[in-house]
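Residues per chain are reported as follows:
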Amino acid sequence: MFYKFENNEWLTALEIHFPDGTILSSSNRIGKDGWKWYDEQPYEDEII
Amino acid sequence: MSKVIDINGSIRTVTYTTGSPADITVNSVSVGSAPSGGSLDIVVNLDGSPSGSWDGDSWEITSDPFPDTTLQVNGTTEGTVASGSTVDIQLSDSGGVVTPTSVTQVGNDFQVVLPDAAAPTGWVRPSGWLALDTVGVGTENFSGLFAVYETQKNVNTIQITTSGVNTINWGDGTTQAVTSSVLYTKVYDYATITSPVLVDEAGLNYKMVVVNINMDNVTVLYIDRNTTATVIGNTRNLGWLDIAVDCSTITTFSPSGQGFSVLLQRLLIYNVGAFINGIPAFIQLAALKVLKFPFEKLQSASQTFTNNLGDCRDENNLPLNLNLTINTVSGANVLSNSHLTELGNITAPLRNSFQTFLFNSILLKKVGNIDASAASNLASTFSQSVKLTGIINVTTSATLTSINNVIGGCFLVDGLIISDCTNVTNTTNAVNGCKNLKTLILTGLTRDITVDDCLMEATEINAFFTSLGIAVGNRTIFIRRNPGSATCDTTIATGKGFTVVIL
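Remember, it's a predicted structure, so these values are computed and weren't measured experimentally.

Asks: Help me out: how do you make sense of the overall build of chain B in this one?
Replies: Secondary structure assignment for chain B yields 2 helices and 37 strands. Here chain B has a C-alpha radius of gyration of 40 Å; the compact-globule value for 503 residues is 23 Å, and the former is much larger. Counting only C-alpha atoms and orienting by the principal axes, one finds that chain B spans roughly 165 × 65 × 40 Å. Residues classed as buried in chain B amount to 42% of the 503 residues present. Counting only contacts in chain B whose residues sit at least 6 apart along the sequence, the fraction spanning at least 24 positions is 54%. Carbon together with sulfur atoms contributes 51% to the accessible area of chain B, which is approximately 24,600 Å² in total. For chain B, the distance from the average site of its 24 positive side-chain charges to the average site of its 39 negative ones is 13 Å.

Asks: What is the right way to look at the environment of B:Val87 in this model?
Replies: Structurally, B:Val87 is set in the loop between β10 (76-81) and β11 (92-93). Between the C-alpha atoms of B:Val87 and B:Asn337, which are 250 residues apart in sequence, the distance is 47 Å.

Asks: Teacher, can you tell me more about a nonpolar patch on the surface here?
Replies: Taken together, B:Val26, B:Val29, B:Val31, B:Leu40 and B:Ile42 make up a surface patch of nonpolar side chains, about 360 Å² in accessible area. By relative accessible area, B:Val29 is classed as partly exposed at 48%.

Asks: I tried to follow the interface of chain A and chain B on my own but got confused; where do I start?
Replies: Tallying the contact residues gives 11 residues for chain A and 11 residues for chain B. Around 920 Å² of area is buried between chain A and chain B when both sides are counted, 60% of it from carbon and sulfur atoms. Counting the surface chain A buries against chain B, the share from its top three residues, A:Thr12, A:His17 and A:Pro19, is 50%. There are 0 salt bridges connecting chain A and chain B. Taken together, chain A and chain B are joined by 5 residue pairs in polar contact (both at pLDDT 80 or more). Those elements giving two or more residues to the side of chain A that touches chain B turn out to be β2 (9-13) and β3 (15-17) of chain A.

Asks: I'm lost on the sheet that holds strand β22 (residues 218-222) of chain B in this one. Help?
Replies: Hydrogen bonding along the main chain pairs the strands of a sheet, whether they run parallel or antiparallel. Residues and elements named next belong to chain B. Strand order in this open sheet of 4 strands is β19-β16-β22-β24, and the pairing throughout is mixed. At either margin of the open sheet sits one strand with a lone partner, and together these are β19 (183-187) and β24 (252-254). The mean inter-strand angle of the sheet, taken between neighbouring strand axes irrespective of direction, is 20°. Relative to β22, strand β16 (residues 155-162) runs antiparallel, the two being bridged by 4 bridges. Counted as the bridge partner of Gln-159 is Tyr-222 from β22.

Asks: Sorry if this is basic, but what is going on with the side chain of B:Ser143 here?
Replies: Residues and elements named next belong to chain B. Locating Ser-143 in the fold gives a position in strand β15 (residues 141-149). Classification of Ser-143 by relative accessible area gives buried; the value is 0%. A polar contact is formed between the side chain of Ser-143 and the backbone nitrogen of Asp-133, at a distance of 2.9 Å. At 2.7 Å, the side chain of Ser-143 forms a polar contact with the side chain of Asn-212. Dropping the residues within four chain positions of it, Ser-143 is found in contact with Leu-132, Asp-133, Val-135, Val-210, Val-211, Asn-212, Asp-242, Ile-243 and Ala-244.

Asks: Would you mind going over the nonpolar core with me for this structure?
Replies: Within soluble globular proteins, side chains that are nonpolar tend to cluster in buried spots. Residues and elements named next belong to chain B. In terms of nonpolar packing, the biggest core is built from 97 residues, with Phe-142, Phe-253 and Phe-464 touching the most fellow members. Sequence-distant contacts of Phe-253, that is, excluding residues within four places in its chain, are made with Phe-142, Leu-221, Ile-223, Ile-243, Val-245, Leu-267, Ile-269, Ile-276, Ala-281 and Phe-282. Ranked by size, the runner-up nonpolar core spans 14 residues in total, among them Leu-145, Ala-147, Tyr-206 and Met-208.

Asks: Got a minute to help me understand helix α1 (residues 458-467) of chain B in this structure?
Replies: Residues lying three or four places apart along an α-helix face the same way, a consequence of the helix completing one turn every 3.6 residues. Of all the positions in α1(B), only B:Ala458, B:Ile461, B:Asn462, B:Phe464, B:Phe465 and B:Ser467 are classed as buried. Where α1(B) is buried, its residues contact β34 (439-442), β35 (449-450), β36 (475-478), α2 (491-494) and β37 (498-502) of chain B.

Asks: What am I meant to see in the side chain of A:Thr12 here?
Replies: Within the secondary structure, A:Thr12 is located in strand β2. Residue class for A:Thr12 comes out buried when judged on its relative accessible area of 17%. The residues contacting A:Thr12, other than those within four sequence positions of it, are A:Met1, A:Phe2, A:Tyr3, A:Trp35, B:Arg480, B:Val501 and B:Leu503.

Asks: Where do I start with the pattern of salt bridges in this structure?
Replies: Where charged atoms from two side chains of opposite charge come close, those side chains can pair. Counted by the stated rule, this structure contains 15 salt bridges over all chains. One salt bridge in this structure joins A:Glu6 and A:Lys4, with 3.4 Å as the shortest N-O distance. Under the relative-accessibility criterion, A:Lys4 is labelled buried at 13%. Between B:Arg481 and B:Asp453 there is a salt bridge whose closest N-O contact spans 2.6 Å. Taken together, the residues B:Arg481 in the loop between β36 and α2 and B:Asp453 in the loop between β35 and α1 connect sequence positions 28 residues apart. The class of B:Arg481 is partly exposed, set by a relative accessible area of 38%. Looking at B:Asp453, the relative accessible area reads 37%, which means it is partly exposed. A single network of salt bridges, built from pairs that share partners, joins A:Lys4, A:Glu6 and A:Asp33.

Asks: Can you help me understand the confidence of the model for chain A in this one?
Replies: Parts of the model with low pLDDT should not have their predicted coordinates read in detail. The pLDDT averaged across chain A works out to 89; a share of 90% of its residues lies at or above 70. Taking the mean pLDDT of every element in chain A, the minimum, 92, falls on β2(A) and the maximum, 98, on β3(A).

Asks: Teacher, can you tell me more about the confidence of the model for chain B here?
Replies: For chain B, the mean per-residue pLDDT works out to 88, and 90% of the residues sit at or above 70. For this predicted complex, the interface confidence score (ipTM) comes to 0.91, while the overall pTM stands at 0.74.

Asks: How should the pairing of strand β1 (residues 2-6) of chain A be read in this particular structure?
Replies: Regular strands place their side chains on alternate faces of the sheet. Residues and elements named next belong to chain A. Pairing geometry for β1 and β2, over 5 bridges, is antiparallel. Of the residues in β2, the one forming a bridge with Glu-6 is Glu-9. Counting the residues in the hairpin turn of β1 and β2 gives 2 residues, including Asn-7, whose phi is positive at 50°. Here β1 pairs with strand β5 (residues 36-37) via 2 bridges, running antiparallel. Across the sheet, the residue bridging to Phe-2 is Trp-37, located in β5.

Parameters at a glance
In every chain, residue numbers begin from 1 and rise along the written sequence. As a convention, the first chain written is A and the first ligand written is 1, with the rest following in written order. Local features in a predicted model are, by the rule used here, given only for residues with pLDDT of at least 70; side-chain atom pairs are given and counted only at 80 or more, and totals for whole chains, interfaces and linings are based on all residues. In computing side-chain values, all of the structure's heavy atoms are included and hydrogens and water are not. To qualify as a helix, a DSSP run of H or I must reach at least 4 residues; to qualify as a strand, a run of E must reach at least 2; elements of each kind are numbered from the N terminus. For this measure, only C-alpha atoms enter the radius of gyration; the expected value for a globule follows 2.2 Å times N^0.38, where N is the number of residues. Accessibility here uses a 1.4 Å probe with only protein chains present; expressed as a share of the type maximum, an area under 20% marks a residue as buried, one over 50% as exposed, and anything in between as partly exposed. Contacts were defined at the residue level, with two residues in contact if any of their heavy atoms lie within 4.5 Å. Areas reported here follow the Shrake-Rupley algorithm with a probe of radius 1.4 Å; residue values treat only the protein chains shown as occluding. Positive charges are assigned to Lys and Arg, negative charges to Asp and Glu, while His and the chain termini are left out of the count. Lys charges are placed at NZ, Arg charges at CZ, Asp charges at CG and Glu charges at CD. Patches were defined on residues exceeding 30% relative accessible area and lacking a salt bridge, with like-charge contacts within 9 Å and nonpolar side-chain contacts (Val, Leu, Ile, Met, Phe, Trp, Tyr) within 5 Å. The rule for a salt bridge is simple: a side-chain nitrogen of Lys or Arg has to be within 4 Å of a carboxyl oxygen of Asp or Glu. The quantity reported as buried area is the accessible area (1.4 Å probe) lost by two parts once they are put together, taken as the sum for both. In the analysis that follows, any N or O atom pair within 3.5 Å is treated as a polar contact, provided that within protein one partner can donate a hydrogen and the other can accept it, and provided that, for residues neighboring in sequence, both atoms belong to side chains. The criterion for strand pairing is that DSSP finds at least two bridges linking the strands in question. Every axis corresponds to a line fitted to the C-alpha atoms, with the helix fit spanning only the stretch in contact, and the corresponding angles, defined between N-to-C directions, vary from 0 to 180 degrees. For our purposes a nonpolar core is just a set of buried Ala, Val, Leu, Ile, Met, Phe, Trp, Tyr and Cys residues, chained together by side-chain atoms within 4.5 Å. pLDDT: the predictor's confidence for each residue, scored from 0 to 100.

Dropping the structure here:
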């Protein structure tokens with residue numbers, strides 16, 4: 001699951017499709033634009 | 001059979017027997033016989049013409065299938081069905097399955113006779129109520145039925161601004177000549193009222209008076225003012241049951257703004273002056289069933305009918321159409337917290353805000369089209385109208401900047417179409433909680449929006465993406481937990497510069 005901490009809440013996603021063609025998914029677990037793959041929901045202090 | 005032959009000059013006749021004729025059968029059915037050594041031509045036709053071919057062990061005939069059958073209802077083609085299949089036509093109305101009165105077949109036509117629809121049952125004026133005076137366009141008068149209770153303080157107040165000569169007939173045998181802008185108070189004595197005694201829904205006895213006023217040159221009429229007269233105390237008017245008024249000069253009329261006419265069941269306003277203001281003059285009309293109102297002359301409309309407006313319809317028992325053509329002074333909460341179940345079209349092309357217009361109308365099921373072409377704000381316009389269904393169709397312009405919470409909490413709404421969102425900057429919670437939402441068209445939207453947990457299939461999401469404008473800056477669409485989230489065509493949105501988040 002991709003997570004992003006924004007406005008004091010965790011946002012979650014299975015896929016994120018970007019205008020540049022990048023698609024974050026379970027088969028492409030790269031970080032982008034604050035989104036990062038975690039196997040379990042991270043704590044706030046884990047945010048890089 | 002015999003044959004004459006010559007054997008060494010001796011003529012002899014020889015008799016012999018030939019083979020028997022052969023019986024010919026087709027599919028075990030005898031069709032004739034052929035002489036030994038002879039033949040029998042059996043003609044095989046399909047629909048009168050020779051047909052088929054020998055496939056080595058049988059004569060094979062293959063026919064073309066009958067074409068599909070076209071189904072029409074009252075002459076309009078509704079579709080086709082495969083030849084030979086069964087057609088099942090379901091008859092229903094909003095109440096469920098309808099059993100036809102009769103079905104008659106004549107050739108290919110089926111006459112299906114449905115039961116007559118029940119006539120709508122509109123409000124019926126209680127038979128025991130006293131009749132009002134005649135009021136209509138041009139009569140320039142007021143006539144109102146007022147309840148006088150056996151066990152309550154029965155106070156009526158009337159204040160008129162006028163340049164004419166006017167008289168209040170209080171309905172108990174007394175009258176009052178009017179001085180402009182003076183608040184007159186009437187305390188009724190139940191014992192002296194001569195009308196029949198009726199019993200209200202709470203089981204309380206009441207009598208009635210009919211109050212009449214000639215409305216010549218009246219510009220302001222208050223029939224809801226509190227009185228603080230020492231002998232009476234701070235008392236609110238509560239007794240109006242039925243009101244009809246016609247006055248071509250009036251611009252302010254307040255039957256329920258300070259005191260609340262919570263018993264009023266019918267309000268008929270035939271004519272007013274060039275405009276009328278409603279800030280707030282018609283609130284808490286919880287019992288109202290019939291409303292005739294010159295919406296086209298409603299100028300200021302802040303909280304006009306807010307707080308518990310009854311489930312009223314027009315005098316023809318049709319949903320109210322709000323034709324607010326001159327309503328430029330906006331204000332909020334025009335119909336918020338109403339008990340309306342159905343509303344017609346809302347046409348307010350000059351109104352600049354629809355903020356909380358129908359907010360929390362928890363019984364509202366249907367609303368017509370909305371012309372909000374001058375509106376900048378649709379914030380919470382329908383929010384929390386939890387029974388609202390159908391597709392909400394709003395005509396807007398580039399003036400619109402906020403759709404914040406526009407249908408938030410409208411759990412049953414099927415769709416939202418806003419014709420121009422090009423300059424919308426606030427979409428917070430626009431469709432939050434709309435778990436039945438299937439259609440969403442926000443034409444020209446360039447900003448972030450969250451469309452999570454709705455009921456949109458991929459084709460409907462694609463149509464939503466198609467309606468979007470070009471993203472302004474880095475913009476994100478959250479389209480999580482919809483049936484079509486995983487299969488929609490995200491390139492429609494990413495191609496316009498949006499990031500699409502799916503779950």
